[in-house]
Structures are given as C-alpha cells and as structure tokens.
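Overview (structure and organization)
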Amino acid sequence: MSKFADKAIAHERRRAGETALSDFADYVEKQQRRRQYPGASGGEPSASATTHEEHDELDILETLGLADESEHIKLKELLLNPTDDNRTRLKELLVSRIEEGRGETLFDVGTENNGESMALTLEEYGKAFAYVQDVARELKAGVRVLLSKNTGAETDVESPSKDSCSKVMIRRQPDSIDELLEIRVAVVGNVDAGKSTLLGVLTKGTLDDGRGRTRVNLFRHKHEIESGRTSSVGMEILGYDVDSNIVASGDPGRKLKWEEIGHRSAKVIGFTDLAGHERYLRTTVFGLLGTSPDYVMLMVAANNGLIGMSKEHLGIAMALNVPVLVVITKIDICPPQILAQTISQLTKILKSPGARKIPIFIKNKEEVINTATQFVSERICPIFQVSNVTGEGLDFVRTFLNILPFHGKFDPDAPFEFHVNDCFSVPFVGTVVSGVVKSGAIHAGDNILVGPDSLGNFTPTTIRSIERKRLPVPVCSAGQSASFALKRVRRKDVRKGMVVLPKLEGVAPKAYWQFTAEVLILSHATTIKPKYQAMLHVGPVSQTCRIVAIDRDLMRTGDRASVVFEFCQRPEFLCVGDKLLFREGRTKGLGIVTATGFDKSIFPNAEAEEKDKDEKVGAKGSSKADTKGVAKGDVKKPELKKEAAHR
C-alpha cells in the first residue's frame, strides 16, 4: 500500500510542477520585458520595453479590424483606383509593413485588413495584382503568390465563394549585408532522430541515401563522422531570395559557401544543430540559451516516438517560452500502426497541462501558410511528417520556413550588449569572438570592454572588424548574430559566457558572485535546502552554483520561491530580468534574476549560514594550530630518544 501511495504522491507532485510551468513561463516572459540593461540611466528599463505591453492590445485591435477605421481608406479603393494619391498611400502602407516585418510582409490581394472580401472579379483581381507588383518593384521588392482562389493559377485552392483573391509575400532586397533578415532555429530531439540529416537535405538540396550521407558536411569533429552523432553546436544556413526561391547551386550536389548564400539572399534561416545524446545535455542547453533562438524545431523519429531526451528538450523549450514546431522523420520506414501510436503520444503530451499546445498536423499548402502566419502565438504547434529519403513533406517545411516571421524580442534602443558563444584564434587576424547582439548597435572601430575574467575585471579593447555569415559588415544591431575581431586580446583571455559592452566614461560594469532569483522547481526527487549545488545556465553562462539562502525552509517539486545563488568558480555579468535554468541529474528549475546581491532582511537564514561558516573556519583554524603543535612535538621526540640512548 505504501508503494502505491508513494507513486501517487510522486505523480501528484509531477503534475503540480507541469501545471505551474506554463503560468510561471508567462510570468518570466513579462518580467523579461522589464530587463535592466547595462549602462541604462538609473537602472530603468528602456522606453520600448515599458510601452510594449500597451502596444500589445493596440496590435490585437488592429489585426482584428476593431480599431477606429475613420482614418483608414479601404484597400479596394487603393488597388482599383490608381491615382497619384492612392499610389503614394499604397506605397507608404507597404513600406510601413515591410519595415515592421524587418524586410518582408504578407499582403492579401482581394481581402481587406479586417478580413472582409473585396468581391473582386478575375479581371479586377488581375489589375489589382499587377498594380501591387508595379508598386513593389519601385520599392526594390519581389512579389510571390503563396496561395490564390479562383485566379486560374497553379497556386489555386478550392473555395466555396467565387471571389478572386490571393495571399502574396512581398520581400525587399536588402541594401547591404547588415540589413539581411536572419531567423535563428534551434534543432533538437533524441539521438538518431535525423536532425543533422534533415538539415543536410534542406541546405544541400539533395535527398539522403538512407545511411546519413547528407549529414557529413554538418559535422565538426572526426569522432562525429565516425559515430554519426553530433556532440557540438553545429551551424548551417538556408537562404531565400526576394522571389522566395531557395538560394542553391545550379550543380546538383554542390553546396554553396556561406559568402555566396549571403550575397544572393534577402532572408536567411540560421540553423543551430544541437546534440541529442544525454551525455551532451549541457552543450544542448548552452545552445538553446546562448544562441537566443527565435524558434525550436523538435525532431521525432516516427519509429521511436517521443522518448529519451526529446521530452527533456521539449520541456526546456516550454520553460524558455520559445515557439516549437515538430517534424516527424523516417515515415518511409515506419509501419502505419507505429506512426499512429507516435502521433497519438505526441498529441497527448502537447495537450497536457504543462505544455498547453494546440497541435496542428500539416497536410496541405493552405494549412502551411495559415499556420505560419499565426505561429507568433506560442500556443500553436505545427507538426510535419517528412522523409529525407523519398522527399515526402519536405516542400511543406521549406514553404513554412520561407514565411516564418521574425519573432525575436530585442531592444535596439537600449545600450549595447553582446554575449560571447564561441572564441577562435584566426591566423593573421587574431582573437575572434562570436555570439548574439542582445541590445543596441556597434560599429567597427568602437572601443569596448570584454569580461569578466576570474577576478571580475573587464579588459578594454577595440573592435578591429565585424562579420555576419562570414561577410564583412560595418555595423551590427540587436537580434543579429555576428563575429568580432578584437585588438590586443589573447585567445586564452576570452571564454564562452563573457560579454562585450561599450566603453563609457564614468560607467564601470560589475561582475557578481551572488544574485537573487525567483525560481520554480519543475522536478526534484526530494527537497532542496541551502547549500544545494546545481549547474546553472544564464544565457551563455554555464557554471556550478550553490544556493545560499531561500525565503522558506525548503523547496519541493512545483514550489515557487525567492532564492539566493552563489557562483562556485568565478563571478559573472548578470542583469535583472535574465532568464535562468538550473539542473542536476533529473532535477530541473526555471527562474528569472530579480536582483544582483541579496537583501538579508528577506532571508533570515542567510545570517545563520554565515555564522555556521565562521564557526567552521574558526574550527579549521584551531585544528590546524593543534596539528602544527603535534607536528612540532613529533619533531622533538627523536631528539629525546637520541639523548636517552647516549646516556
């Protein structure tokens, strides 16, 4: 009876942790908008962060067409009445929407902003579409029809009405590489799920032979090629031009260099290929937090289902509140009944209280386009079924990635901050650091600070040059991944987890040993008390931490508390509002930094901790003195023996 009771209690605790996860992730997301950036006056959040919540409601009103329409002119009049004023207004409308979408926008020809049909005939639709193409050409943008109804084109789908309409992608050619739209997608899943193979098929443009031939180019180490398993963070890119075509080589099997893709692309999907084996979980968590992905692509093998590390990776993505899309691979070798079991299991997990996702199985192009336009919502989870050998379902994935909107939450108006994800020593260039610009902008030749080192100090240096996707650029801004060549800095003096900050007069950045965070325990077998140690991940920082104090006696699964952490190895640079994840074995916790340092009045048990520490230090000191005395006595003993023998 006690066994069943223990199982029931453990199940209830696990359910409590799952239920609390979704609510706490939403709370963390709201608090992160108020993140205090380094160098901000008085530690206040930036203006764009404080007004974000107010704009959310206005955006919803506009998308639903509930805003005041007295100032707006119907789109039908702009499209069918091509006067100079209407042309100017249409151009202004397209420019504002393209800038809002960071270089691209979806436009409905034949549908008003509030969703009402313009009831266009085929002849009227032809005139309106040609007019949109003409205006877009003036803006140096391409137009691609994604979906149409009653137009007689190949993109037509069945429709109950007889009105002609279409949904088009308008994408502007960037003036320079630093304006290139980049979307980061982290690829996770259990070992042998086909992550590297799918990326090889997408980026190389050829199908796999069933033995992993296309994945070889993605591996970085010899042992990865021999074992077929990724153990490091791999990077690959997929480019789309202004006409929404994939940038690929004319020769079958030849893979373009990053420089060629960057020059010919208007939009780039940057894939982060992460390890699926349990042994490399730390590397995978570092990739998920350090690279700041816009989306997470979860790979599930159809013949294995959602097993092993797949659940772990899905839980981490949920905790970080990153939109997730699922790709079921190997459907060509999976029996139908096993595939049905995998789909049933996946649906059950996604609908559970911890995930609260709405699974949408993609079966046609219309579902692809409708899901991609609504994918900014974290509740929707599209599910694709593909085969890397036969090519089934791959076109849906390519179309989905083409439409995928920019989702990153970065503040370009805040002070500059750059997180270092990797370090290199390049011949004839020097030390190079790569990572993601979290906020602000930086130019080549600017004076910066790199740190902190093991003592918490920052090293002043200068940016020699900047590269994006292996192409030189003069400037990079918030949300972009880049590499900096540094002057007068040795490779051994930089490491992963450091930050790059602007060098400002009178403003000295600080590194902290201790900080306070509000945490939620997602899973733990027993209780968590002060002195508990775990691996902590904050952005690119991965370091062992010790719990110094808790605002209660102990914590269990599903508990939410304010906790003081202390780094064990070296101080790190943190800001209020940073997300954190800590783990140790099966123990997992999610949190957000609420203060650097801690208030002793809130944590009364912290004083007791310090007293115990002082007593231990004193005890150690007295024991050392005793041992020294004993040692001195032992030294004298042989002399006494010699004297006795002489007598």
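Up top is the structure.
These remarks concern the structure in this document. No experiment lies behind these values; they were computed from the predicted model shown. (Residues numbered from 1 in each chain as written. Predicted model: local features only at pLDDT ≥ 70, side-chain atom pairs only at ≥ 80, totals over all residues. Heavy atoms only, no water.)

**What about the overall build of the protein?**
The helix and strand tally for the protein stands at 15 helices and 25 strands. In the protein, buried positions account for 48% of the 647 residues. Look at the contacts in the protein between residues 6 or more apart in sequence, and 71% of them connect residues 24 or more apart. Here the protein has roughly 31400 Å² of accessible surface; of this, 51% comes from carbon and sulfur atoms. (Helix = DSSP H or I, 4+ residues; strand = E, 2+ residues; numbered from the N terminus. Buried < 20%, exposed > 50% of the residue type's maximum accessible area, 1.4 Å probe, protein only. Contact = heavy atoms within 4.5 Å. Areas by Shrake-Rupley, 256 points an atom, 1.4 Å probe, with all protein chains shown as cover.)

**Considering unusual backbone geometry**
Here the residue pair Gly451 and Pro452 is connected by a cis peptide bond, since its omega of 0° sits within 30 degrees of zero. Among the secondary structure elements, Pro452 is positioned in the loop between strand E14 (447-451) and strand E15 (459-468). The backbone of Ala119 sits at a positive phi, close to 55°, despite the residue not being glycine. Its location among the elements puts Ala119 in the loop between strand E1 (104-109) and helix H6 (122-138). With a relative accessible area of 44%, Ala119 lands in the partly exposed category. Non-glycine residue Lys140 carries a positive phi angle of around 60°. Considering the arrangement of structural elements, one finds Lys140 in the loop between H6 and strand E2 (141-149). Judged by relative accessible area, which is 59%, Lys140 ranks as exposed.

**Thoughts on the sheet that holds E2**
Pairing is antiparallel in the open sheet, where three strands are placed in the order E1-E3-E2. Strand pairing shows two members of the sheet lacking a second neighbour, E1 and E2, which therefore form its edges. Within this sheet the neighbouring strands show an average axis-to-axis angle of 20°, counted without direction. For E1 and strand E3 (residues 165-172), the ladder comprises six bridges, and the chain directions are antiparallel. Considered in E3, the bridge of Leu106 is made with Met169. Contacts between H6 and the sheet are confined to E1, E2 and E3, with E2 contributing the most and set at about 155° to the helix. Where helix H13 (residues 365-373) meets the sheet, its contacts fall on E1, E2 and E3, and the angle it forms with E2 comes to roughly 125°. (Pairing = 2+ DSSP bridges. Axes fitted to C-alpha atoms, helices over the stretch in contact; angles between N-to-C directions.)

**Comments concerning the pattern of salt bridges**
Applying the stated criterion across every chain, the model contains 19 salt bridges. Glu138 is the salt-bridge partner of Arg87, the closest N and O atoms lying 2.5 Å from each other. Here Arg87 is found in helix H5 (residues 84-100), whereas its partner Glu138 is found in helix H6, with 51 residues between them in sequence. Arg87 gets classed as partly exposed once you look at its relative accessible area, which sits at 21%. When salt bridges that share partners are traced, they join Arg87, Lys91, Asp134, Arg137 and Glu138 into one network. (Salt bridge = Lys/Arg side-chain N within 4 Å of Asp/Glu carboxyl O.)

**Description of the sheet that holds strand E22 (residues 541-550)**
The antiparallel closed barrel is built from six strands, whose spatial order is E20-E23-E22-E21-E24-E25. Each neighbouring strand pair of the sheet contributes to a mean axis angle of 45°, computed without reference to strand direction. Taken together, the seven bridges between strand E20 (residues 514-523) and strand E23 (residues 560-567) define a ladder with antiparallel strand orientation. Bridging from a neighbouring strand, Val519 pairs with Ala561 of E23. Where helix H10 (residues 281-290) meets the sheet, its contacts fall on strand E21 (533-538), E22 and strand E24 (579-584), and the angle it forms with E21 comes to roughly 35°.

**Regarding helix H12 (residues 336-350)**
With 15 residues, H12 extends 21 Å from end C-alpha to end C-alpha; this agrees with the ideal 21 Å at 1.5 Å per step. Turning to H12, its buried residues are Leu339, Thr342, Leu346, Thr347 and Leu350. Taken around the axis of H12, the buried residues stretch over an arc of 130°, which confines them to a single face. Turned more than 90 degrees away from the buried face of H12, the exposed residues are Gln341 and Lys348. (Expected span 1.5 Å × (residues − 1). Arc of directions from axis to C-beta.)

**Some thoughts on the packing of aromatic side chains**
For any pair of aromatic rings, geometry is given as the distance between the ring centres together with the angle between the planes. With the rule as written, the count across this model stands at ten aromatic pairs. Arranged with centres 5.2 Å apart and planes meeting at 70°, the rings of Phe384 and Phe400 form a pair that is edge-to-face. Of this pair, Phe384 sits in strand E10 (residues 380-385) while Phe400 is found in helix H14 (residues 394-403), placing the two residues 16 residues apart along the sequence. The buried category is assigned to Phe384, whose relative accessible area is 1%. Counting every residue linked through ring pairs, the aromatic cluster contains Tyr295, Phe375, Phe384 and Phe400. (Phe/Tyr/Trp six-rings, centres within 6.5 Å; stacked < 30°, edge-to-face > 60°.)

**Quick word on the nonpolar core**
Generally speaking, a soluble globular protein has its nonpolar side chains buried in company with each other. Judged by nonpolar contacts, the single largest core of 41 residues is most densely connected at Leu288, Val296, Leu298, Val326 and Ile328. In this view, Val326 contacts Leu298, Val300, Leu346, Cys381, Pro382, Ile383 and Phe384; residues no more than four positions away in its chain are not counted. Membership of the second largest hydrophobic core comes to 40 residues, among which are Leu106, Ile362, Leu401 and Phe410. (Core = buried A, V, L, I, M, F, W, Y, C linked by side-chain atoms within 4.5 Å.)

**Focus: the pairing of E15**
Pairing between E14 and E15: four bridges, direction antiparallel. Counterpart to Leu449 in the pairing with E15 is Pro460. Two elements, E15 and strand E18 (residues 481-486), share four bridges in a ladder whose sense is antiparallel. If you follow Ile463 over to E18, its bridge partner there is Leu486.

**Brief notes about the packing of helix H11 (residues 309-319) against H12**
At a closest axis distance of 12 Å, the pairing of H11 and H12 adopts a crossing angle of 30°. The orientation of H11 with respect to H12, classified from their angle, is roughly parallel. Between H11 and H12 the crossing geometry is right-handed. Counting all contacts with H11, which are made through Lys311, Leu314 and Met318, the residues of H12 involved are Gln345, Ile349 and Leu350. A breakdown of the residues in the contact of H11 with H12 according to their chemical character gives four nonpolar, one polar and one charged. (Parallel < 35°, antiparallel > 145°, perpendicular 65-115°, else oblique. Left-handed = near helix turned anticlockwise from the far one by under 90°. Nonpolar A, V, L, I, M, F, W, Y, C, P; charged D, E, K, R; others polar.)

**Topic: a nonpolar patch on the surface**
Residues Phe424, Val426 and Val429 make up a contiguous nonpolar surface patch of roughly 190 Å² in combined accessible area. Residue placement: Val426 occurs in strand E11 (residues 417-426). (Patch = residues over 30% accessible without salt bridge, like charges linked within 9 Å, V, L, I, M, F, W, Y side chains within 5 Å.)

**Some words on the packing of H5 against H6**
Orientation of H5 relative to H6, taken along the N-to-C sense of each, is 65°, at an axis distance of 10 Å. As the angle between them shows, H5 and H6 are arranged roughly perpendicular. Crossing of H5 against H6: the hand is right-handed. Along the contact surface, H5 presents Asn86, Arg87, Leu90, Lys91 and Leu94, while H6 presents Tyr131, Asp134, Val135 and Glu138. Of the residues in the contact of H5 with H6, the class split is four nonpolar, one polar and four charged.

**Side note on the side chain of His419**
Summarising the element assignment, His419 is placed in strand E11. Note on His419: relative accessible area 10%, which makes it buried. Polar contacts involving the side chain of His419 include one to the side chain of Glu417, which spans 2.8 Å. (Polar contact = N/O pair within 3.5 Å; in protein donor to acceptor, adjacent residues only side chain to side chain.)

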